[in-house]
Amino acid sequence: MSVRPALFGAIPGRRVPVFVDDGLLDRLPDVLASVHAHRVCEVVTDRNVDALLGRRVMAALRKGKWRAHKTVLPAGEQIKSARTIRSLHEAWFEQKLDRYTVIVVVGGGTVGDAVGYAAATFLRGLPLWQVPTTIIGQVDSAIGGKVGINHKRGKNLIGAFYQPAGIIIDPQVLESLPPRERRSGLGEVVKYGVIADAGLFRQCERSVNEWISGAESVPTSTLQRCARIKLKMVAADETDRGLRHHLNFGHTLGHALERWGGYRRFKHGEAVAMGMVAAAWMAYKRGDLTESEFKRLEEVCRSLYPRLSTLPDRNSDVTQHLHSDKKRMAGTLRWVLPHGLGRVRVVEDVTPREINGALRYALTLSRR
Ligand code: GLY
């Protein structure tokens with residue numbers, strides 16, 4: 001059966017095929033065989049995803065005459081560690097993997113990041129396929145080549161830009177996502193609307209509540225629209241020195257909130273939703289968003305807010321966590337602010353007063 005990529009990422013010197021279709025998981029052997037002649041692969045996933053999809057993936061590969069072995073990691077952020085990388089490498093040496101063995105990582109952003117980093121560094125790089133199973137994975141983290149692990153000094157501090165050999169997006173697998181995970185993923189979808197696509201933002205306004213409740217699935221064309229935006233930005237700025245910063249809309253404060261909550265309280269997209277409201281408030285006060293645009297953005301983000309009983313009491317609880325991002329970026333804190341809906345700009349002159357006002361607004365909204 002022939003399969004064709006829906007999209008291509010154009011990284012200097014190479015193209016990354018992105019396959020998008022319902023049921024692609026069962027056609028994995030054909031997709032992989034469209035790129036690789038040597039039918040040997042190592043599937044890596046985590047316990048949660050394995051329970052849902054592991055058997056199906058392995059059955060499809062074996063039926064397609066692939067020699068496939070599977071490794072199942074524990075689920076959770078703790079796998080983004082040097083220990084996981086060491087144990088994967090050790091196992092791969094034992095199994096005598098060579099540079100033609102294809103690594104297929106099936107799961108969300110956490111497993112994608114860790115296994116991607118293990119693949120990037122084993123024998124100086126094995127061919128890697130990202131098969132994301134969450135909305136965040138399908139529209140963001142599996143695309144663009146950022147792989148890595150955490151360090152005791154912070155998240156994602158050890159890593160690389162390592163473009164996958166290909167990406168497989170099967171929207172059908174999202175059907176089993178819990179509602180909170182869906183809501184979190186939609187934070188990234190809304191983000192793409194605000195930063196680059198006013199039509200997508202309007203679609204989010206119409207449908208976000210149905211997507212969250214599961215009454216409607218996120219259309220494949222919408223996932224593809226997001227993936228296309230990401231691929232375009234990565235093609236223009238693979239190593240995150242300019243345009244790619246736009247993807248950080250809502251993330252400056254979002255990361256600080258996640259840190260405040262010890263990465264347990266908030267789901268990533270929930271913190272980003274609050275961060276988007278804060279950034280929009282700053283843009284509104286600066287005259288870069290009209291009141292009606294600001295209110296529209298607030299309305300969509302509010303649907304994505306976490307349903308938490310405990311939020312930070314004081315601004316300073318959160319603002320102290322802004323500083324680890326600052327350390328990474330030559331001492332400057334960058335904010336991505338909307339400039340109308342569908343466009344953003346990066347600013348470095350945000351004052352502590354603006355930060356306080358924006359944070360107060362974003363936190364108060366969750367109590368209304
Ligand atoms: N998730 C932001 C980026 O890939 O640059």
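Note that this is a predicted model, so its numbers are computed, not measured. (Residues numbered from 1 in each chain as written. Predicted model: local features only at pLDDT ≥ 70, side-chain atom pairs only at ≥ 80, totals over all residues. Heavy atoms only, no water.)

Structural notes on the packing of aromatic side chains
To keep things clear, this is the line we draw: Think of it this way: a Phe, Tyr or Trp ring, Trp meaning its six-membered ring, pairs with another when their centres are within 6.5 Å, and the plane angle makes it stacked under 30 degrees, edge-to-face over 60, tilted otherwise. Categorising residues by exposure relies on relative accessible area from a 1.4 Å probe, with only protein chains included: less than 20% of the type maximum marks a residue as buried, more than 50% marks it as exposed, and the intermediate range marks it as partly exposed. Ring-over charges, as used throughout, are those where CZ of Arg or NZ of Lys falls within 6 Å of the ring centre and within 35 degrees of the ring normal.
Enumeration according to the criterion identifies six aromatic pairs in this entry. Here the aromatic rings of Trp 260 and Phe 266 are separated by 6.1 Å at their centres, their planes lie at 55°, and the arrangement is tilted. Grouping residues by exposure puts Trp 260 and Phe 266 together as buried. Among the aromatic residues, those joined into a ring-pair cluster are Trp 92, Phe 93 and Phe 122. Above the face of the Phe 8 ring, Arg 15 is positioned so that its terminal group lies 3.8 Å from the ring centre. When the ring centre of Tyr 192 is taken as reference, the NZ or CZ atom of Lys 191 above it lies at 4.9 Å.

Re the environment of Gly 193
Put simply, the test is: In this description a helix means any DSSP run of H or I spanning at least four residues, a strand means any run of E spanning at least two, and both kinds are numbered starting from the N terminus. Throughout, a contact is declared for two residues whenever any of their heavy atoms are within 4.5 Å.
By the secondary structure assignment, Gly 193 is in helix α6 (residues 179-196). Sequence-wise, Gly 193 and Gln 203 are 10 residues apart; in three dimensions their C-alpha atoms are separated by 8.6 Å. With residues near it in sequence (within four places) discarded, Gly 193 still touches Ala 198, Leu 200, Phe 201 and Gly 342.

Re the nonpolar core
In summary, soluble globular proteins display a tendency toward joint burial of nonpolar side chains. Put simply, the test is: By nonpolar core is meant a set of buried Ala, Val, Leu, Ile, Met, Phe, Trp, Tyr and Cys residues that side-chain atoms within 4.5 Å join together.
By size, the foremost hydrophobic cluster in this structure holds 65 residues, and its most contacted members are Ile 135, Leu 186, Val 189 and Trp 335. Here the element with the most residues in this core is helix α10 (residues 268-285); it accounts for 12 residues.

Examining helix α9 (residues 251-260)
In an α-helix, one turn spans 3.6 residues, which is why side chains three or four residues apart end up on the same side. The element α9 is largely enclosed, with a buried count of nine among its 10 residues. Of all the positions in α9, only His 251, Thr 252, Leu 253, Gly 254, Ala 256, Leu 257, Glu 258, Arg 259 and Trp 260 are classed as buried. Gly 262 sits one or two positions beyond α9 and adopts a positive phi of about 60°.

Points about the environment of Arg 99
The residue Arg 99 is located in the loop between α3 (82-94) and β5 (102-107) in this model. Relative accessible area serves as the criterion here: at 52%, Arg 99 is assigned to the exposed category. Aside from chain neighbours lying at most four places away, what touches Arg 99 is Leu 123, Gly 125, Leu 126 and Pro 127.

Digging into the state of the cysteines
Quick note on the threshold: The term disulfide is used for any two cysteine sulfur atoms that are within 2.5 Å.
Under the counting rule described, the total for this entry stands at zero disulfides. Not part of a disulfide, Cys 204 finds its nearest cysteine sulfur in Cys 226, a span of 7.1 Å. For Cys 204, a relative accessible area of 1% puts it in the buried group.

Focus on the site of the ligand
The line we're drawing: Only heavy atoms are used to decide nearness, and a residue is near a molecule or strand if one of them lies within 4 Å of it. In the analysis that follows, any N or O atom pair within 3.5 Å is treated as a polar contact, provided that within protein one partner can donate a hydrogen and the other can accept it, and provided that, for residues neighboring in sequence, both atoms belong to side chains. Using a 1.4 Å probe, accessible areas were evaluated by the Shrake-Rupley method; residue-level cover was limited to the displayed protein chains. Charged residues are taken to be Asp, Glu, Lys and Arg, nonpolar residues to be Ala, Val, Leu, Ile, Met, Phe, Trp, Tyr, Cys and Pro, and polar residues to be all remaining types, Gly included.
Around the ligand, the structure places Asp 140, Lys 146, Lys 230, Arg 244 and Leu 247. Measuring from an oxygen atom of the ligand, one finds a side-chain N or O atom of Lys 146 at 2.9 Å. Interatomic distance of 2.6 Å between a side-chain N/O atom of Lys 230 and an oxygen atom of the ligand. In isolation the ligand exposes 190 Å². Once the protein is present, 85% of that is buried. The residue inventory of the shell around the ligand, partitioned by class, reads one nonpolar, no polar and four charged.

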